[in-house]
Structure formats: structure tokens, C-alpha cells
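Per-entry structural report
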Amino acid sequence: MALRGAGVTDTRVLAAIERIPRELFVPDAFQDRAWEDMALPIDLGQTISQPLVVGQMTQALELHPRHLVLEVGTGSGYQAAVLAHLCRRVFTIERLKPLLREAESRFRQLDIGTITTRLGDGTRGWPEQAPFARILVTAAGGPEPPKDLTDQLAVGGVMVIPLGGDHRDQKVVRIRRTEVGLNREDLWPVRFVPLLSDPPQPVRSA
């Protein structure tokens, strides 16, 4: 009811959030706050987003049950678990191995078989599975989205990503790919951990 009152009105999104036990994704020290509408710390300096932000960003994707979705930033796995109830398959990328292994364990516990994981640099996307009907980025990029990700967005597809020059000026942005290019729509202010990419590997001489 709190999410509905705050503008999350898509009944499929609300039902998916209701089905996923958020307490499973929250560290033991914060179990008593698992269902409070606030972001909570998880391991390695990362956070699990507040339920309202998860609901708003999921709703902004305009998901269909047939969609293939790329998620950049698995984190605790909570957002991916919500997405998995709303689309055909989720491909999720995390650059921090301990977080990914914990998320995979949670997916098994919940018997969610429609999430495929990868350890790696999410800013480079998942070219082998592209194009994606929907892309969700759960960390804040710079002023513009990574080109590798927009290149992997299907025509007619939607990307939802936090963008901004610094953490005080972040907005959730919805990007739609049309036949002629990209349309950008600023949605609401937000604060996310930064989207990090791996440094380029040095070229070794023979």
C-alpha cells in the first residue's frame, strides 16, 4: 500500500515485490529493518535499494512477459529476483565475485531458474545475448550512459539508468531506442553508488 501511495501503480510490479522476501537479501544485522522503505548496506560497500526505488525503476521499464532483460549491477540479487517474475529471462552482471556468489545462492533458495549471471564489467554489457528489449542499470553512470549498453538496446527497447555528473545531481533516466536514435526522458532525482568499469588491460608486446 505504501508503494502504491507513492506512485507504483502497476499491479504486476507490486505483486512481484510482494512475492520476494526482502529479508533474504538483507544482512543479519539489518533484519529488523528489511521491510522499511530505505536503502540498506550490504557487503563490500554496496547497498540494497529501498523498495520504493525498486518499484519505481521496475515500473519505468514497462516490462512484458516475453522480454529479455539485462541488469547491470546484481548486488544482493533483490532487483533481479523481482525482474524475474515479470519477464522471460534476466541476464545480470556483477563485478564483485562475493556478491555474485551470494546472489546466486539466494536465487537457488527461491528456485528462480530464469536468471543467468555473469562476473564481469557491466558497462560492457553482454554482447553475446544482445539485443535486449530492456536494460536496467542499478548504479549511477556519468552524464551519459555507456555506449556499449545503448548499442545493445533493441529498437523499441527501453533502458532505465541513474545518470549525473556527481552524486548530488543524479536522476533516473529512461532511454528509448527508435529507428533513428535515442530519446532521453529524465524521471526523478535519486542517489546511487557509482557505476564502475574495469580499467583497460595493457597490450602486451610479443
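As the structure is a computational prediction, the values presented were derived from the model and not from experiment. (Residues numbered from 1 in each chain as written. Predicted model: local features only at pLDDT ≥ 70, side-chain atom pairs only at ≥ 80, totals over all residues. Heavy atoms only, no water.)

Considerations on the overall build of the chain
If you tally the helices and strands in the chain, you get 6 helices and 9 strands. For 206 residues, the compact-globule formula gives about 17 Å, and the C-alpha radius of gyration of the chain, at 16 Å, lands near that figure. Taking the principal axes of the C-alpha coordinates as reference, the chain spans close to 55 × 40 × 35 Å. Of all 206 residues assigned to the chain, the portion counted as buried reaches 49%. Taking all contacts inside the chain whose residues are at least 6 apart in sequence as the whole, residues at least 24 apart take part in 53%. Of the roughly 10500 Å² that the chain leaves accessible, carbon and sulfur atoms contribute 51%. Here the chain carries 25 positive and 25 negative side-chain charges, and the mean point of each set is 4 Å from the other. (Helix = DSSP H or I, 4+ residues; strand = E, 2+ residues; numbered from the N terminus. Rg over C-alpha atoms; globule rule 2.2 N^0.38 Å. Buried < 20%, exposed > 50% of the residue type's maximum accessible area, 1.4 Å probe, protein only. Contact = heavy atoms within 4.5 Å. Areas by Shrake-Rupley, 256 points an atom, 1.4 Å probe, with all protein chains shown as cover. Lys, Arg positive; Asp, Glu negative; His and termini not counted. Charge placed at Lys NZ, Arg CZ, Asp CG, Glu CD.)

Observations concerning empty space enclosed by the protein
Under the counting rule described, the total for this entry stands at 1 cavity of 30 Å³ or more. Its boundaries defined by the atoms lining it, the largest cavity holds a volume of some 40 Å³. Around the largest cavity, the lining residues are D10, R12, V13, T58, Q59, E62, L63 and L86. Of all the elements in the fold, those that place two or more residues in the lining of the largest cavity are α2 (11-19) and α3 (51-60). Partitioned by chemical class, the residues of the lining of the largest cavity number 3 nonpolar, 2 polar and 3 charged. (1 Å grid on protein atoms, 1.4 Å probe; cavity = no way out; pocket = protein on both sides within 12 Å on 5 of 7 lines; lining within 4 Å. Points joined across faces, edges and corners; volume = space filled by probe spheres on them. Nonpolar A, V, L, I, M, F, W, Y, C, P; charged D, E, K, R; others polar.)

Some points on the packing of aromatic side chains
In total, this model carries 3 aromatic pairs according to the counting rule given. Three or more aromatic residues joined by ring pairs form one cluster here, namely F91, W126 and F132. For R22, the ring lying beneath its charged end belongs to Y78, and the centroid distance is 5.8 Å. (Phe/Tyr/Trp six-rings, centres within 6.5 Å; stacked < 30°, edge-to-face > 60°. Lys NZ or Arg CZ within 6 Å of the ring centre and 35° of its normal.)

What to know about the sheet that holds strand β4 (residues 89-94)
Within a sheet, neighbouring strands are paired by backbone hydrogen bonds and run either parallel or antiparallel to one another. The strand order across the open sheet built from 7 strands is β5-β4-β3-β6-β7-β8-β9, with neighbouring strands paired in mixed fashion. The strands lining the two open edges of the sheet, one partner per strand, are β5 (115-119) and β9 (182-189). Across this sheet, the average inter-strand angle for adjacent strands is 15 degrees, counted without regard to direction. Pairing geometry for strand β3 (residues 68-72) and strand β6 (residues 132-137), over 4 bridges, is parallel. Its bridge partner being in β6, E71 is matched across the sheet by L136. The sheet strands contacting helix α5 (residues 97-109) are β4 and β5, and the helix crosses β5 at an angle near 165 degrees. (Pairing = 2+ DSSP bridges. Axes fitted to C-alpha atoms, helices over the stretch in contact; angles between N-to-C directions.)

Considerations on the UniProt feature "active site" (unreviewed entry) in the chain
Under the local residue numbering, the UniProt record ascribes the feature "active site" (unreviewed entry) to S49. Its place among the elements puts S49 in the loop between β2 (47-48) and α3. The class of S49 is buried, set by a relative accessible area of 18%. In this view, S49 contacts R22, M38, A39, V54 and F192; residues no more than four positions away in its chain are not counted. (UniProt positions renumbered as here; feature names shortened; annotations may be inferred.)

Considering the pattern of salt bridges
Side chains that differ in sign of charge can pair as their charged atoms come close. Considering all chains together, one arrives at 11 salt bridges under this definition. In this structure, the salt-bridge partner of E62 is R174, at a minimum N-O distance of 3.5 Å. Here R174 lies in strand β8 (residues 171-177) and E62 lies in the loop between α3 and β3, a separation of 112 residues in the sequence. A residue is classified by how much of its surface remains accessible, and E62, at 35% relative accessible area, is partly exposed. With a relative accessible area of 11%, R174 lands in the buried category. R101 serves as the salt-bridge partner of E104, at 3.0 Å between the closest nitrogen and oxygen. Taken together, the residues E104 and R101, both in helix α5 and 3 residues apart, mark about one turn of the helix. Relative accessible area serves as the criterion here: at 38%, R101 is assigned to the partly exposed category. Beyond isolated ion pairs, a larger network of salt bridges with shared partners links E62, R174, R176 and E185. (Salt bridge = Lys/Arg side-chain N within 4 Å of Asp/Glu carboxyl O.)

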